[in-house]
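Breakdown of the fold
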Amino acid sequence: MDGIVRVVFQNFELKSTSPIIRTNAGEEMSRRGSSSNPCDLLKKIKEFTRCLLEDLRRGRSPSVTLNRYRIYCTDPSGKCCCSSDLHMGKEIVSLQKECHAYRLDVLLRVLLIIQQLLQENRHGSKRDIYYMHPAVFSEQAVVDRAINDICILLECSRHNLNVVAVGKGLVMGWLKFFEAGKKFDCINSPSKAHPVPVFVEEVEGIVSVAQYILIVEKEAVFQRLADDRFCDTNNCIVITGRGYPDVPTRRFLRLLIENLCLPVYCLVDCDPYGFDILTTYRFGSMQMAYDAKFLRVPEIRWLGAFPSDSKKYGLPERCLLPLTAGDMKKAEAMLLRCYLQREAPKWRSELEMMMQRGVKFEIEALSASSISFLAEKYIPSKIQGGGYI
Amino acid sequence: MEITCSQRLCQILICSAVQRCRISDQLCRLSVVLKRCPDSDPPVIRVSISDTGIGSCLQEFQGLIYRRNHASAEKWDGMLFITTTSISDNEIFHYHLNFKESAAARRLTRLPSTTKNGLKFSGTEVSLSTWECIDDLVEGITCFFQKMLILKVPKVAVELVVERMTGSRENFLLAKDDNLLPCPMSNIECLALGFQDYVLKHGNMFDKQCPACLSRREHLKVGSGVACSSDSLASTGQLMEAVVIFRELPDASSLSCLRECSTTKVIYFQDFLPSVIPQSPLNALRSIDWENYGLTIKTYVVGESGHAVIEWENLPPSTHIDIVLHCYHKKVKIPRTWQKTQVDRNLAKKAVKLALDNLKERYKGTLLSAHAVKICSYALDLARTISNLILLSNDKEFQGECLSLLGLQPQQMGEGKEVEDCIQEKIIAVIEINDRKSRKSRNAPDFLFEAENIHEPEDEEFQGEEGVSILDL
């Protein structure tokens, strides 16, 4: 499936006074802000349940209309409206298909757990939910999709459901903040890694003297920079999502940017996966397309590594690996994404160049000549010299 | 049991008597009398088949084809004696029909008629003499009548009288009282009723009731369907009736008399005559999309007796399915010849599907498609979760609204199981409705296609169709 879905019960759509009818993205954003508190969400869950019963009472299949969302398409004409944040078509989930019956079963089970979390003002992780019915859910991805469906259904973000992810992001640098009253003072030791706060909505009192924010794809690079005391000598904040970034990391990053208005750079491996992670930070993920507007960071600039860096920085041949068939397939698919053509043509050109050269390399390869090359030369020179796109 | 030529002749004569009774609008009696002539050697049996239907115009007898062979030469002398009168006749006519006469025009001899003395009645008696063993004849005719009883031909009482020696009479009234019910019943209602009687008998034998087998009519799930060819297009007025009975035996393991449950013997009637199933309805049965009814055919064969035998796959051990088909013409006609009319394949398919749909409509949860069964497997979980969404809510007002939507009383709130059961029942009802709707929508284009096919003479199913009722003596 090329997009994510937003679930709205048919009955809701029929009511002209329904709070879930959307008119445009701007309205929705303001509306969401006012209707995502636990009390409102519980009301929506109850309305959802009433609609189920009403359908059954009338002898109708409890049919769910799913509005599909996507953050990109592969329309080469550029005439798409993926950037509008509006839904793209609908899907009906009912008891007509076995796969839909299962999907509804999972959705309701997760919804029941969420209703309990909200009623009791407790939090649970996605993994906690998975272990409530592991035999039924069979894998975490099934729960994740149900949570996404429920976010769509209730017009809220995941954290509003009191569902939290086990945070995996790390942060260090010239930053101080409070999370639920607890002080995080990174400035005391700028090169010491701190976990990214999970309850981002409870973060307040952000203070920073940093000049920019640097996102690095991998923990290994983050650790290298920490070891090299990069933040001691560079007034910045460094964040890593340790691979594909999770929701708290992206939300925290957004919070920092909104509060501090700092330029933000991103350093990823020069391979299709690094590029995909880069686009996830900037444009969001397809899985959570319904929430992309709250998670994406359009201000991000790509600092490297570019395909041309291998020649520019004299990378030894042994560090260059040929792109595999899987890499090529992934890159070809990414080239078709409409947002690259529309909003990041230079990034797209670099991706094309990567495919033409047919090689990839990791950020660590830049340290082949000197272990501290990244911290001492590569990053500072790129930022100062405007070597980003 | 071997059907000898005399027996076959008797069957056809009985059948034509039934047709005469059907045309008559009165209660009719059909008697078959087997009488042994005491002094003959070898022993001669005189067979008399008489009915109080409309009189005969003799066409049905003249149309009989006599093919002589050694066996028939030894058992029957080729003579038929016919006595008949119509309600409007003042006389009773007597005829002698000699099938050994090669010139057709000289076969029929009119004998002196008898006066009715001003009485108003109608009827026909056909008699013949045969050297068959009387026991074989009795067994054969009894079996034939018992099959015919499945049809419960309206307004016709059937009797078999056997005189093995002078003064000794054995009477068998084969039609039951309910056959003579005053309220008019359609043929399909009669067939459904008769087939239930048959199914309730031990191992589906024709003559044995068994209390160990399922003996209660209310345990049977009966579906019936009638498909007719369009008069305006085909002008045949052909009808196909189908009755399907689905039953679950209470405890299959405890029944020592239980026969093979996973097979269905399809019983077939053609123009009120028990018959071998012709090729086209046979093919029609095979072509039904049984999976829509949760059934899968494992094997499909024509048994020795000419019945279609369907073996089902995955049919629960205590479940059994019975099927009967009856093809006839809406307008009763006395056949001029005994050549069989072609049986429309699509009629058989439609009739069985209608019967299956009817059964499904009448009995909740029966014959659900494999697809619906799978979806039903989620019903309990869905019901439990929805029930918990209500019962575990901390909003009492909401809970009250939900109970009201479910048609439950507030005091039933404490009984979580009741709420759950109620929701589950509604979910399953919805799945059943969906299942029926989806089949109807699937069937719609199919029906249009079939309607076109009905009158398509080049349909390969119509090719090579052979007659089934030729008097092949």
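Our structure is the block above this text.
So, a few notes on the structure that sits alongside this text. (Residues numbered from 1 in each chain as written. Chains lettered and ligands numbered in written order. Predicted model: local features only at pLDDT ≥ 70, side-chain atom pairs only at ≥ 80, totals over all residues. Heavy atoms only, no water.)

A short note on the environment of Val44(B)
All names here are of chain B.
- You can see Val 44 is positioned in strand E2 (residues 44–51).
- Judged by relative accessible area, which is 13%, Val 44 ranks as buried.
- The spatial distance from the C-alpha of Val 44 to the C-alpha of Glu 132 is 7.6 Å, given a sequence separation of 88 residues.
- The contacts of Val 44, once residues within four sequence positions are left out, are Lys 35, Arg 36, Cys 37, Ser 129, Thr 130 and Trp 131. (Helix = DSSP H or I, 4+ residues; strand = E, 2+ residues; numbered from the N terminus. Buried < 20%, exposed > 50% of the residue type's maximum accessible area, 1.4 Å probe, protein only. Contact = heavy atoms within 4.5 Å.)

Side note on the pairing of strand E7 (residues 156–165) of chain B
Residues and elements named next belong to chain B.
- For E7, a buried count of eight out of ten residues is recorded, marking the element as mostly surrounded by other parts of the structure.
- Across eight bridges, the pairing between strand E1 (residues 28–37) and E7 is parallel. The residue bridging Leu 34 from the neighbouring strand is Val 162, located in E7. (Pairing = 2+ DSSP bridges.)

Brief notes about the pattern of salt bridges
Residue and element names in this part refer to chain A.
- By the definition in use, this model includes 33 salt bridges over all chains.
- With its nearest N and O atoms 2.9 Å apart, the salt bridge here joins Arg 58 to Glu 54.
- Notably, a salt bridge pairs Lys 382 with Asp 309, separated by 3.2 Å at the nearest N-O pair. A residue pair is termed long-range when its members are at least 10 positions apart, and Lys 382 in helix H17 (residues 373–385) and Asp 309 in helix H13 (residues 309–312) qualify at 73 residues. Side by side, Lys 382 and Asp 309 carry an identical accessibility label, which is buried.
- One salt-bridge network, in which partners are shared between bridges, spans Lys 218, Asp 269, Glu 362 and Glu 364. (Salt bridge = Lys/Arg side-chain N within 4 Å of Asp/Glu carboxyl O.)

Thoughts on the interface of chain B and chain A
- Contacts between chain B and chain A engage 27 residues on the former and 28 residues on the latter.
- For the pair chain B and chain A, the two sides together bury roughly 2700 Å², of which 68% comes from carbon and sulfur.
- It is Tyr378(B), Leu389(B) and Leu405(B) in chain B that bury the most area against chain A; as a group they hold 25% of the surface buried on that side.
- For Arg109(A), the salt bridge is made with Asp381(B), and the minimal N-O distance between the two is 3.1 Å.
- At the junction of chain B and chain A, the tally comes to seven residue pairs in polar contact (both at pLDDT 80 or more). (Buried area = accessible area lost by both parts, 1.4 Å probe. Polar contact = N/O pair within 3.5 Å; in protein donor to acceptor, adjacent residues only side chain to side chain.)

Structural notes on the packing of aromatic side chains
- Counted under the stated rule, the structure contains 19 aromatic pairs over all chains.
- Ring geometry for Tyr72(A) against Tyr339(A): centres 5.4 Å apart, planes inclined by 85°, an arrangement best described as edge-to-face. Taken as a pair, Tyr72(A) in the loop between strand E2 (64–69) and strand E3 (90–93) and Tyr339(A) in helix H15 (residues 338–343) lie far apart in primary sequence, 267 residues in all.
- Its relative accessible area of 15% is what places Tyr72(A) among the buried residues.
- The rings of Tyr72(A), Phe275(A), Phe283(A), Trp302(A), Phe306(A), Tyr339(A) and Trp347(A) are connected pair by pair, giving a single aromatic cluster.
- For the cation-ring pair, Arg282(A) lies above Trp347(A), with the distance from its terminal atom to the ring centre recorded as 4.8 Å.
- The lysine or arginine in question, Lys116(B), covers the ring of Phe121(B), its NZ or CZ lying 4.7 Å from the ring centre. (Phe/Tyr/Trp six-rings, centres within 6.5 Å; stacked < 30°, edge-to-face > 60°. Lys NZ or Arg CZ within 6 Å of the ring centre and 35° of its normal.)

Brief notes about the side chain of His329(B)
- Among the secondary structure elements, His329(B) is positioned in strand E15 (residues 319–329).
- A distance of 3.5 Å separates a polar atom in the side chain of His329(B) from a polar atom in the side chain of Asp271(B).

Brief notes about the environment of Phe246(B)
Residue and element names in this part refer to chain B.
- Secondary-structure assignment places Phe 246 in strand E10 (residues 238–248).
- Residue Phe 246 is classed as buried on the basis of its relative accessible area, which comes to 10%.
- Sequence spacing of Phe 246 and Gly 223 is 23 residues, and the spatial spacing of their C-alpha atoms is 8.3 Å.
- In this structure, Phe 246 is in contact with His 219, Leu 220, Lys 221, Thr 319, His 320, Ile 321, Leu 359, Thr 366 and Leu 367, ignoring residues within four places of it in sequence.

Points about the side chain of Lys126(A)
Residue and element names in this part refer to chain A.
- Looking at the element boundaries, Lys 126 is found in helix H5 (residues 126–130).
- At a separation of 3.4 Å, a polar atom in the side chain of Lys 126 contacts the side chain of Asp 144.
- Discounting residues that sit within four places of it in the chain, Lys 126 has contacts with Gln 140, Val 143, Asp 144, Ile 147, Arg 158, Val 163 and Val 164.

Limitation: the analysis is restricted to geometry and does not speak to function.
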